[in-house]
Amino acid sequence: MFITLEGSEGAGKSTLIEHLKKYFLKKNIEFIFTKEPGATKAGLELRKILLDKDVDLDPVSETFLLLADRLEHVRKIIYPALKENKNVISDRYLDSTYAYQGAGRKMNKHDLDTMIKPLNFPEPDLTIYLDLPVEVGLKRAKERNSLDRFEEEEIGFFKRIRNSYLELAKENSHRIFTIDSTYGETEVFELARDRIEKKINEN
Ligand code: Z5A
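Just so it is clear, the structure is predicted and the values come from calculations on it, not from any experiment.

Caption draft 1: View of the site of the ligand. Neighbouring the ligand are 28 residues, the closest being E9, S14, T15, R92 and T97. At 2.8 Å from a nitrogen atom of the ligand is found a side-chain nitrogen or oxygen belonging to Q101. A distance of 3.3 Å separates a nitrogen atom of the ligand from a polar backbone atom of E185. If the ligand stood free it would expose 1100 Å²; the protein chains cover 86% of that surface. Judged by the fraction of its atoms near the pocket grid, the ligand is located in the largest pocket. At the level of secondary structure, the elements contributing two or more residues to the shell around the ligand comprise α1 (13-26), α2 (41-51), α3 (59-83), α4 (94-104) and α6 (134-144).

Written as structure tokens, this is what we have:
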């Protein structure tokens, strides 16, 4: 089973992952936890460029770097794991590209599709989207650490991203499950855990 986690800055994906790791370890259910960008050796190098505040990237170049990272990720980690019937949870995946590069960077959807579709990336079985008002997410991210190249963007960038995620959730209600991330950590974890377990039982 292939699960992805999505959300804007400070939405709580890393926090949720820590809870899920502990829970599934205790239950003896094997999950491979992975993330984008930067899950592979090449991906780590690409991640450094992508997050570097001193690197000015054209949105198309940024998208190509993210897709190169994803191709490495899918071919070297996700596909091999799924072939062995292992469960995979990825912190960010395809929806991030439509939200950040499509809405955030204002790239045309048709152009993005032309770049992405030929790569035949697998569709997740389930996507948990952590939804949070932009101001709350940015406050959390700022309190946590220094800002990277994306986090330094103006507020309109993040508002477009949130709206895009909400649209994606509507269009893909068969796989995207939205959680209000203003809830406490435990509540967010319990909602995600219940949805994942439901999906496991359906399969
Ligand atoms: N990117 C892209 O543009 N296009 C793409 O296709 C892909 C990625 C795949 C990767 O950043 C960047 O790449 C990302 C988009 C871009 N943009 N940025 N920046 P990253 O991997 O470094 O980080 P991130 O994915 O954006 O996640 P994050 O900023 O680290 O946030 P998070 O993992 O969702 O949040 P967190 O660290 O769990 O929580 C943030 C703080 O809030 C922390 O202090 C927690 O203790 C607190 N928290 C968490 N949950 C709660 C709740 N429920 N209540 C209260 N406080 C909470």
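Caption draft 2: Looking closely at the environment of T15. With respect to the helices, strands and loops of the structure, T15 is situated in helix α1. Linking T15 and E185, residues 170 residues apart in sequence, is a C-alpha distance of 7.5 Å.

Caption draft 3: Main features of the nonpolar core. The biggest cluster of nonpolar side chains holds 27 residues, and the ones touching the most others in it are Y93, Y100, I116, F121, I161 and Y165. Of all elements in the fold, only α3, α4, α5 (109-116), α6 and α7 (155-171) reach the threshold of two or more residues within this core. Of the residues forming this core, the biggest block, six residues, is contributed by α7. What Y100 contacts, discounting residues up to four positions off in sequence, is G7, S8, E9, R92, R105, F150, F157, I161 and Y165.

Caption draft 4: Geometry of the pattern of salt bridges. One pass over the structure, following the stated rule, counts 22 salt bridges. We note a salt bridge from D91 to K13, for which the minimum N-O separation is 2.9 Å. Pair noted here: D91 is in strand β3 (residues 87-91) and K13 is in helix α1, with a separation of 78 residues, a long-range link. In this pair, the class of D91 matches that of K13, namely buried. Ionic pairing is found between E154 and R160, a salt bridge with its closest N-O pair at 3.9 Å. On the basis of relative accessibility, which here comes to 26%, the residue R160 falls in the partly exposed class. Look at the salt bridges and you will find they share partners, linking E62, R105, R149 and E153 into a network.

Caption draft 5: Seen up close, the pairing of strand β4 (residues 126-131). Summarising burial for β4: six of the six residues are buried, a large majority. Residues of β4 alternate between two faces, with L126, I128 and L130 on one and T127, Y129 and D131 on the opposite face, all of them buried. Across five bridges, the pairing between strand β1 (residues 2-7) and β4 is parallel. In the sheet register, L5 faces β4, and the bridge partner there is I128. With five bridges joining them, β4 and strand β5 (residues 176-180) adopt parallel strand pairing. Looking across to β5, one finds that D131 is bridged to D180.

Thresholds, definitions, all that
Residues numbered from 1 in each chain as written. Predicted model: local features only at pLDDT ≥ 70, side-chain atom pairs only at ≥ 80, totals over all residues. Heavy atoms only, no water. Near = heavy atom within 4 Å. Polar contact = N/O pair within 3.5 Å; in protein donor to acceptor, adjacent residues only side chain to side chain. Areas by Shrake-Rupley, 256 points an atom, 1.4 Å probe, with all protein chains shown as cover. 1 Å grid on protein atoms, 1.4 Å probe; cavity = no way out; pocket = protein on both sides within 12 Å on 5 of 7 lines; lining within 4 Å. Sits in = over half its atoms within 2 Å of the grid points. Helix = DSSP H or I, 4+ residues; strand = E, 2+ residues; numbered from the N terminus. Core = buried A, V, L, I, M, F, W, Y, C linked by side-chain atoms within 4.5 Å. Buried < 20%, exposed > 50% of the residue type's maximum accessible area, 1.4 Å probe, protein only. Contact = heavy atoms within 4.5 Å. Salt bridge = Lys/Arg side-chain N within 4 Å of Asp/Glu carboxyl O. Pairing = 2+ DSSP bridges.

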